[in-house]
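# Results of the structural survey
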Amino acid sequence: MTTARAGVAPLPNPGPRPPGEAETLARIWAPPRGLAFLTVVNNNYVGVLYVGAAFLFFVLAGILALVMRAQLAVPDNTLVGPSLYNQLFTMHGTVMMFLFAVPAVEAMGILLLPNMLGARDLPFPRLSAYAFWAYFVGGIVFFASIFLGSAPTGGWFMNPPLTTATYSPGVNEDFWLLGIGFIEISAIAGAIEIVVGVLRTRAPGMTLGRMPVFAWAMLVFAAMIIFAFPAVILATALLELERAFGWPFFSVDRGGDPLLWQHLFWFFGHPEVYIIFLPAAGMVSMIVPTMAQTPLVAYRLVVLALVATGFLSFGLWVHHMFATGIPRLSLSFFEAASMAVAIPSGIQVFAWIATLAKGRRIRLTTPGLFILGFLFTFVLGGLTGVMVAVVPFDWQAHDSYFVVAHLHYVLIGGMVFPLFAAFYYWLPYTSRHALSERLGRWVFGLMFVGFHVAFFPMHFTGLAGMPRRVYTYPAGLGWEGLNLVSTAGAFMIAAGVALFIVDLARRFRFAIEGNAGNVWNAGTLEWLPSGTYATRSIPSVASREPLWDQPGLARDVEAGHYYLPNAPTGGRETIVSSPIEAAPQWLMRMPRPGWPPIVAAWFTAAFFLFLTVKWVLPACLCGAVAIGAMLAWAWRLDPPPLAAPVEVGGGLALPAYMSGPRSQSWWAMVVLMLVAGSVYGCVVFSYLYLWTVSPEVWPAADRLPDLVHLAVPAALYGASSAAIGLANRALGRGRSLHPGVVAAIVLFAAGFAADLFAHRALSPAQSSYGAVVYLVLSLAGFFGAVSIALALFATARYAHGLLDRVRRVTFDNARLFWHYSVGQSLVGLALVHGFPRLAG
Amino acid sequence: MESVQSALAPHGPGAAITAEVAVVLFVGGGLVFLLVMALAAWAVFGRRRDWLAGRAAVVAGGIAFPTVVLFALLVYTLFAAGRIADAHGPPALRIGVVGEQWWWRVHYLDAAGERDFATANELRIPVGRTVEVELRSADVLHSFWVPALAGKLDLIPGRTNRLRLRADRPGVFRGQCAEYCGGPHAQMAFLVVAEEEGAFERWRERQRAPASAANDLFLARCAACHTVRGTPAAGTLGPDLTHAGSRLAIGAGILPNGAGAIAGWIASSQRIKPGNLMPEFHDLDGAALAALAEYVASLE
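## Details of the overall build of chain A
The secondary structure content of chain A amounts to 24 helices and four strands. On the principal axes, the C-alpha backbone points of chain A span a range of 80 × 75 × 50 Å. Carbon and sulfur atoms provide 70% of the accessible area of chain A, an area that totals close to 27,600 Å². Placing the 46 positive and 36 negative side-chain charges of chain A at their respective mean positions leaves the two points 10 Å apart.

Structure representation (structure tokens):
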């Protein structure tokens, strides 16, 4: 029986659903019991664990700040000496930026996006479980280093030469480099998840133009991670290579340059702050319309602003280096660009103001208070940002407490306040009870007032001459009173957070089905009644606020009248749709919980941490276990195709298997290649930059290896790609993979050996030229090794009958990565052999 | 000692023009802030809000208004940067500064650009003349910041940065390292003393002269690291002490100079400035310590 609704398409599954179907769905999606609960992969659980861990790090880093403020409360204080204080401020910054800010907003994405988009889960649930556990274990051990006195002391930005082995012997800085290094990898995993999730698993009808602004913000966030994090990953690797093996990237005596680090780090570091801010802005763009009970004004301009901010933010990094002595023209360009980036933020601020003006009178609930607090604080912080963009002003303000004020205004104002608004706003989505409104006002009051008491005076403290990162200061310069007030404010903030924790403990009771419900009368899909399987059926939407525009949507979704009200393949599934129009394309079968991802995560963390303390044998053992767990995990990938397409309702029959460019793993591989390409772009930059700084250590064209050393490896690399192409053709014709793959492996290995052989007279520790050439070679080798591993894996699957002409995703992944590795190695050859000849 | 370390108390054109820019930024920023907050308040609490409730408001407030204001600000500030450069003409005096963990090695250059004499942690400059400071580093990154006179400039190994500054009034201006350099970075300060030309010339003459006397205990215990010109002490690991007694402070700008302070520093500098690279001398008895301190204080 079709329900006649004027102007609306008929329901995909209009009749009553068979009995037991909902129970089966619940059973398939139920979390594991007992200890095995740790193996959960569902975003509803992983998201909450992730947010919880991020919040824990926020509190821990906040406590470090309280100790710092206690030390600075009075001049010449002796509470904490310089050695501990330097660890405190390094850890405060590092933990806040890497272990709290980025993971917190990423976690909100993991928690909210699938439901907001109408998907049952993220596209790679085991990957997000892995990313969470690696981050959590690594982060906890990293934080614990402060109790051992081994915490890093180089500042969160870790500038060499201070952080080279010469001036920082000992493992402290290595903790940062290795510990943070794999947390960066965790962020990349999250970015892959979000790009593919946002672009490929939206509800039917949710075109890009109807996507919630938070999803747009997370998409930009993920794209920014893809292009920004590689810079800090490379910088991290370079500094560790210099510390461990003496490769002189940053040491002047052998042709290195400390500014290389600053360029790489800040090329990451500036986008990083927008990576942190944009998701928060996205959350604000969801909360404000609900508060005002009207759709967001100028949705398209807001989306444009998010994208524009993402782009522009990559062009500003030198404003962190205004005091390094760079030329006037550079200064002027980056000043102008740094001012320009304020405009997209202005668009968003006015869009929120306009939405508030358009809607009904808002009730000042706690989320509303935090939103207003955000507007006040973030706008002020943005204005001081314009101030520090002004070069002569920055020459006074840089590295003083003025910047400390500015950065906390935009980070606490621009991210923490929206995050608390989001906690209060979305808690009913994941908890049986909402938080207390009465206590919430106190939490807001203490945090807001405490924040301004703590940080507003710092604008003056800085201009009064107090530099940053100082463990004490003398009396008589006018800084005493300002510092005392700031300390008082910091403790007020702490009181507010403590009260929040008390309320959380009292009221938060995790629930999915029994959650508090749509208490705010919001319009977006995450507020539909849901279970562990997200919604009972996957809705189709026709607008940006489906709950407002489609009356009865909740009832129909819950009754199973929309798409996929069941589990036709007997397992966990979700619909994969086209990126722009969200037309359903195929049905993705998704993995169940299992031990391999969490084992892999724990042992990956252990591998990096043992390496940090230089216990090489335990590190290798843990690495082997991690790789074993990853193999076990990967072996269960790529389930067998089903013969016939599956009915999901509305006459739609979707294939339940997909390989090639429409598959989610192809997209993941593309994102991974973009990340790798970004890393390589930074490598090329490093090579060229070191050449401009230290041409004296570069060989003249006639001192380079002969061109045969370019031609032979290039030919071998290229031939290995051709061999993989042949293997691909063979697979397509149902013939054996083995000859092509074996040939490809031999050819690549030979090419790499020839590549290495050309530089046998060169030593990486001798000069920055040697170091950067060996970097290029190391990457060729590393990517080659991974490509070979992927190809062997695919071949093993083929040998076991788990891979064939149709079921071929793992081979396609290997093939894509192989071609990328070859391409990258060819670029490396051209750079090393070609550039010095061109430059003369 | 009384000294000024505030960007809001400018005593020279570098800091003064920047302070003017700061006023414009604060007043302008304050007005923009009040305007935006007023609009937000109106949006939430106001009576007739329709004019604020559409795309036009977003374009006007979020695109047109910031573009105009920021462009004007950019022009003004680029011109201000030019004015700062123009205010400091060719230098009348050149001083070389090498940043060390955690002190400032200073050498004055003569008219031909050759080394004139060495000192440490204190720069004396003539009032009303442009001085160019050449900034280098012996180890890690540092930054030279004397807020009352000029903005800061980093000391980067492998590079020479040049900062021009001028004091238009006599005074004592305190500066501090403004790029985290590990350990007691907080206590790497220096003083810039601006004097009338005559006084400055007399100071310079005295600095060029060798030390007045030698001291056996000093030669035995201190000469490995410190230089006192005119005596056999020629160590270069630590600051030049030839005229240490003439400086206003010791320990890199952190303690007022005087025999008592010097004695305390020699005996337990680690307690005063933990992590600094000078060892403590516990084995000197009270009399020896006092004699040594008197000697250094006498090197004026």
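## What about the interface of chain A and chain B?
Listed per partner, the contact involves 80 residues of chain A and 76 residues of chain B. Of the roughly 6,200 Å² buried where chain A meets chain B, counting both sides, 71% is carbon and sulfur surface. Ranking the residues of chain A by area buried against chain B places Phe350, Arg361 and Gln396 of chain A at the top, with a combined share of 11%. Connecting chain A to chain B are one salt bridge. Here Asp257 of chain A and Arg159 of chain B are joined by a salt bridge, their closest N and O atoms 2.9 Å apart. The tally of links between chain A and chain B comes to 22 residue pairs in polar contact (both at pLDDT 80 or more). Among the secondary structure elements, those contributing two or more residues to the side of chain A that touches chain B are helix H3 (82–117), helix H7 (258–292), helix H9 (328–340), helix H10 (342–358), helix H11 (366–389), helix H12 (391–397), helix H14 (437–463) and helix H20 (664–693) of chain A. Per-element accounting of the side of chain A that touches chain B gives the leading share, twelve residues, to H10 of chain A. Counted by class, the side of chain A that touches chain B contains 53 nonpolar, 17 polar and ten charged residues.

## Some remarks on the nonpolar core
Formed by 310 residues in total, the largest nonpolar core has its most connected members in Phe100, Phe249, Met415 and Trp426 of chain A together with Val97, Phe144 and Leu165 of chain B. Beyond its immediate sequence surroundings of up to four residues, Phe249 of chain A is in contact with Leu238, Leu241, Glu242, Gly256, Asp257, Leu260, Leu690, Ala771, Val772 and Leu775 of chain A. Listed in part, the 25 residues of the second largest apolar core include Cys222, Ala223, Ala233 and Ala293 of chain B.

## Quick notes on the pairing of strand S9 (residues 171–177) of chain B
All names here are of chain B. The buried count for S9 comes to five of seven residues, which makes it a mostly enclosed element. The pairing of strand S6 (residues 142–145) with S9 spans two bridges and is antiparallel. Bridge pairing in S9 places Phe144 opposite Cys177.

## A short note on the sheet that holds strand S4 (residues 122–126) of chain B
Residues and elements named next belong to chain B. A sheet is described by the order of its strands in space; here five strands give the open sequence S4-S10-S9-S6-S7, paired in mixed fashion. Whereas interior strands pair on both sides, the edge strands pair on one side only; in this sheet they are S4 and strand S7 (153–155). Across the sheet, the mean angle separating the axes of adjacent strands is 25° when strand polarity is ignored. Across three bridges, S6 lies against S7 in antiparallel orientation. What sits directly across from His142, in S7, is Leu155.

## Considerations on the pattern of salt bridges
Between side chains of opposite charge, a pair can form as their charged atoms come close. For the coordinates displayed, the defined rule picks out 25 salt bridges over all chains. Taking the shortest distance from any N to any O, the salt bridge between Arg17 of chain A and Glu21 of chain A comes out at 3.0 Å. Using a relative accessible area of 10% as the deciding quantity, one classes Glu21 of chain A as buried. The salt bridge partner of Arg83 of chain B is Glu20 of chain B, with a shortest N-O separation of 2.9 Å. Remark: Glu20 of chain B occurs in helix H1 (residues 13–45) and Arg83 of chain B occurs in helix H2 (residues 55–87); sequence separation between them is 63 residues. For Glu20 of chain B, a relative accessible area of 32% corresponds to the partly exposed category.

## Thoughts on the packing of helix H6 (residues 213–245) of chain A against H7 of chain A
In a pair of packed helices, the angle between the axes and the distance between the axes together describe the arrangement. Residue and element names in this part refer to chain A. For the pair H6 and H7, the least separation of the axes is 8 Å and the interaxial angle reads 160°. Between H6 and H7, the crossing angle belongs to the class labelled roughly antiparallel. As for the relative orientation of H6 and H7, their crossing is left-handed in sense. In the contact of H6 with H7, the residues fall into 30 nonpolar, three polar and one charged.

## Things to note about the environment of Thr90 of chain A
All names here are of chain A. Structurally, Thr90 can be placed in helix H3. Thr90 gets classed as buried once you look at its relative accessible area, which sits at 0%. Each C-alpha atom of the pair Thr90 and Phe500 lies 26 Å from the other, and the pair is 410 residues apart in sequence. Among all residues touching Thr90, those that are not within four sequence positions of it are Pro152, Thr153, Gly154, Gly155 and Trp156.

## Looking at the pairing of strand S5 (residues 131–137) of chain B
Residue and element names in this part refer to chain B. With respect to burial, S5 is a largely interior element, six of its seven residues being buried. One ladder, built from seven bridges, connects strand S1 (residues 93–100) with S5; its direction is parallel. Across the sheet, the residue bridging to Gly96 is Glu134, located in S5. Where S5 and strand S8 (residues 161–165) come together, five bridges link them in antiparallel fashion.

## What to know about the confidence of the model for chain B
For chain B, per-residue confidence averages 96 on the pLDDT scale, and residues scoring 70 or more make up 100% of the total. Interface predicted TM-score (ipTM) for the complex: 0.97; the corresponding pTM is 0.96.

How each quantity is defined
Residues numbered from 1 in each chain as written. Chains lettered and ligands numbered in written order. Predicted model: local features only at pLDDT ≥ 70, side-chain atom pairs only at ≥ 80, totals over all residues. Heavy atoms only, no water. Helix = DSSP H or I, 4+ residues; strand = E, 2+ residues; numbered from the N terminus. Areas by Shrake-Rupley, 256 points an atom, 1.4 Å probe, with all protein chains shown as cover. Lys, Arg positive; Asp, Glu negative; His and termini not counted. Charge placed at Lys NZ, Arg CZ, Asp CG, Glu CD. Contact = heavy atoms within 4.5 Å. Buried area = accessible area lost by both parts, 1.4 Å probe. Salt bridge = Lys/Arg side-chain N within 4 Å of Asp/Glu carboxyl O. Polar contact = N/O pair within 3.5 Å; in protein donor to acceptor, adjacent residues only side chain to side chain. Nonpolar A, V, L, I, M, F, W, Y, C, P; charged D, E, K, R; others polar. Core = buried A, V, L, I, M, F, W, Y, C linked by side-chain atoms within 4.5 Å. Buried < 20%, exposed > 50% of the residue type's maximum accessible area, 1.4 Å probe, protein only. Pairing = 2+ DSSP bridges. Axes fitted to C-alpha atoms, helices over the stretch in contact; angles between N-to-C directions. Parallel < 35°, antiparallel > 145°, perpendicular 65-115°, else oblique. Left-handed = near helix turned anticlockwise from the far one by under 90°. pLDDT = per-residue confidence, 0-100.

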